[in-house]
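Fold and geometry: a report
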Amino acid sequence: MTILIDRDQVISGPGLVPSERDLARDLTIGLVNNMPDPALKATERQFMKLLQAAAGPCRIRFHCFSLPSVKRSPEAKWHVESEYSDLSDLKRQKFDGLIVTGAEPVAPELDQEPYWRDLTGLIDWAKANTRSTIWSCLAAHAAVLHLDGIARRPLPAKCHGIFDCDVVTSDPLTSAAPAPLKVSHSRLNEIVESDLVQAGYQVLTRSEEAGVDVFVRQYASRFVFFQGHPEYDALSLQREYLRDIGRYLARERETYPRPPVSYFDAATEEKLLRFEKKAVHQRHPALTNELPGLNLRADIGAGSAAAALFRNWLQYLSVEADASVPACQPKDIGPALGLPKR
């Protein structure tokens, strides 16, 4: 299915055929959505909203895919088969940009995952067949492992929350981005900055608490890596946290989850601390009915940093488009990106 995204509307349909004039103004973006079943539909909606917020004068032809080797429930498999394009279609078309998400780990090592062969094949294809590809969270970890043998390292505790990230290298991707960038992270592992720098990657943003945030490397395609989740909306971390509490109460995990960093307001954190003490002593799934009402901090700024980065990414794709095609870019966009006029 093709989804047409611009600033004012999102139109979808299997028979969507824009006029030749509209097609000339399009960017074609693919999303390879490998997120776990509970987050599958939410992730596609979140990236659609993010691209819509960042589109500016662009019109985006948006296609969803998923790696066939990612294990799915019958319901999720039906959704992918009925609403997503086949991965073979991706490799038969020319995409301006590609976004690849992580997947739920099921093996002790990344290169032992059942989807490893499909994912590494996609990495190799994207190097030569896109203008730029974004690799998010686990997909970023998998890409640097495949490309340069950089292994991620386990963290002593889950990196989970909204973190202030600073721009450390001037780059068109971070132009006019808010300072600091507030970015959602949710992961059990990390890529160490020294390993990236030694292998030739350029780190663009980092957090004192969360470490490396965004980094890049140039091939025929410009690869952009996010250790965090740029697509997360305001409630994404809350949903994960409540899911983990439920798993603890159901004895599907041994440790009680920590609240996301810099996320809930002070009163909510106090209520959650009282609930944790009760949960540890009265561990039972029915206790989820007694969870307190949750309020977020007023300053989390979910989405604003990601919209700025994605706006710059779309502008980069527009500038790199064939000069003979009237790409969807405002006048004088090249100098704004630090690029020569065409």
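Data block above holds the structure.
Residues take numbers from 1 onward in each chain, read along the sequence in its written order. It should be noted that, the model being predicted, local features are given only for residues of pLDDT at least 70 and side-chain atom pairs only at 80 or more, the latter also being counted only at that level, while totals for whole chains, interfaces and linings use all residues. Calculated side-chain values reflect all of the structure's heavy atoms, with hydrogen atoms and water omitted.

Attention shifts here to the overall build of the protein. Think of it this way: any DSSP run of H or I at least four residues long counts as a helix, any run of E at least two long counts as a strand, and we number them from the N terminus. Summing up its helical and strand segments, the protein has 11 helices and 11 strands in all. When accessible area is computed with a 1.4 Å probe and restricted to protein chains, residues below 20% of their type maximum are described as buried, those above 50% as exposed, and intermediate ones as partly exposed. Counting the 342 residues in the protein, one finds 50% classified as buried. Considering only contacts in the protein between residues 6 or more positions apart, those separated by 24 or more positions represent 72%. Carbon and sulfur atoms provide 50% of the accessible area of the protein, an area that totals close to 16,100 Å². By definition in these notes, contact holds between two residues if any of their heavy atoms fall within 4.5 Å. The method behind every accessible area is Shrake-Rupley, applied with a 1.4 Å probe, and residues are considered shielded solely by the protein chains displayed.

Another point: the environment of Val70. Inspection of the secondary structure assignment puts Val70 in the loop between strand S4 (59-65) and helix H3 (74-83). You can call Val70 buried: its relative accessible area is 11%. Note: C-alpha distance between Val70 and Glu104 (34 residues apart in sequence) is 8.7 Å. Apart from the residues lying within four places of it in its own chain, the contact partners of Val70 are Asn34, Ala103 and Tyr115.

Below, the discussion takes up unusual backbone geometry. With an omega dihedral of -5 degrees, the bond running from Ala179 to Pro180 counts as a cis peptide bond. In this model, Arg251 sits at a positive phi of 65 degrees, which is unusual for a non-glycine residue. You can see Arg251 is positioned in the loop between helix H8 (236-249) and helix H9 (266-281). A residue is classified by how much of its surface remains accessible, and Arg251, at 54% relative accessible area, is exposed.

Further remarks concern the side chain of His79. Relative to the assigned elements, His79 resides in helix H3. The class of His79 is buried, set by a relative accessible area of 9%. Among the polar contacts made by the side chain of His79, one reaches the side chain of Glu44 at a distance of 3.1 Å. If sequence neighbours within four positions are ignored, His79 has contacts with Leu40, Lys41, Glu44 and Tyr84. Pairs of N or O atoms within 3.5 Å make up the polar contacts considered here, provided that, within protein, one atom can donate a hydrogen while the other can accept it, and that residues adjacent in sequence are counted only when both atoms are side-chain atoms.

Centre distance within 6.5 Å is the pairing criterion for rings of Phe, Tyr and Trp, where only the six-membered ring of Trp is used; planes under 30 degrees apart are then read as stacked, over 60 as edge-to-face, and the remainder as tilted. Inspection of every chain in the model, using the stated rule, returns 13 aromatic pairs. Relative to Phe310, the ring of Phe47 has its centre 6.3 Å away and its plane inclined at 45 degrees; by these criteria the two rings are tilted. Taken together, the residues Phe47 in helix H2 (residues 37-54) and Phe310 in helix H10 (residues 304-320) connect sequence positions 263 residues apart. Here Phe47 matches Phe310 in class, with each residue buried. Aromatic pair Tyr263 and Phe264: ring centres 4.9 Å apart, planes at 65 degrees, arrangement edge-to-face. Among the residues examined, Phe264 registers a relative accessible area of 1% and is labelled buried. In textbook terms, an aromatic cluster arises when at least three aromatic residues are bridged by ring pairs, as seen for Trp135, Tyr201, Phe215, Tyr219, Phe223 and Phe225.

Time to look at empty space enclosed by the protein. The way it works is a 1 Å grid over only the protein atoms, where trapped points that fit a 1.4 Å probe form a cavity and open points with protein on both sides within 12 Å along at least five of seven lines form a pocket, and then any residue with an atom within 4 Å of a point lines it. Grid points are joined across faces, edges and corners, and a volume is the space filled by probe spheres set on the points. Across all of its chains, the model carries two cavities of 30 Å³ or more by this definition. There is about 40 Å³ of room inside the second largest cavity. Residue lining of the second largest cavity: Ser132, Asp171, Pro172, Leu173, Arg222, Val224, Asn312, Trp313 and Tyr316, and that is the complete set. For the lining of the second largest cavity, the elements supplying multiple residues, two or more each, are strand S11 (222-226) and H10. Looking at the lining of the second largest cavity, the element that brings in the most residues is H10, giving three residues. Amino acids are sorted into nonpolar (Ala, Val, Leu, Ile, Met, Phe, Trp, Tyr, Cys and Pro), charged (Asp, Glu, Lys and Arg) and polar (every other residue, Gly among them). A per-class count over the lining of the second largest cavity returns five nonpolar, two polar and two charged.

Okay, helix H5 (residues 116-129) next. An α-helical turn contains 3.6 residues, so any two residues separated by three or four positions project in the same direction. For H5, which comprises 14 residues, the first-to-last C-alpha distance of 20 Å matches the rise-based estimate of 20 Å (1.5 Å per residue) to within 8%. Every buried residue belonging to H5 is among Trp116, Leu119, Thr120, Leu122, Ile123, Trp125 and Ala126, and all of these are buried. Turning to H5, the residues buried within the fold contact strand S3 (26-32), helix H4 (87-90), strand S5 (97-100), strand S6 (132-136), helix H6 (138-148) and S11. Expected span of a helix: the number of residues minus one, times 1.5 Å.

Two cysteine sulfurs form a disulfide in these notes if their separation is within 2.5 Å. Per the counting criterion, the structure on display carries zero disulfides. The closest cysteine sulfur to the non-disulfide-bonded Cys137 is located on Cys159, 9.2 Å from its own sulfur. Cys159 provides the cysteine sulfur closest to Cys165, a residue in no disulfide bond, and the two sulfurs are 8.9 Å apart.

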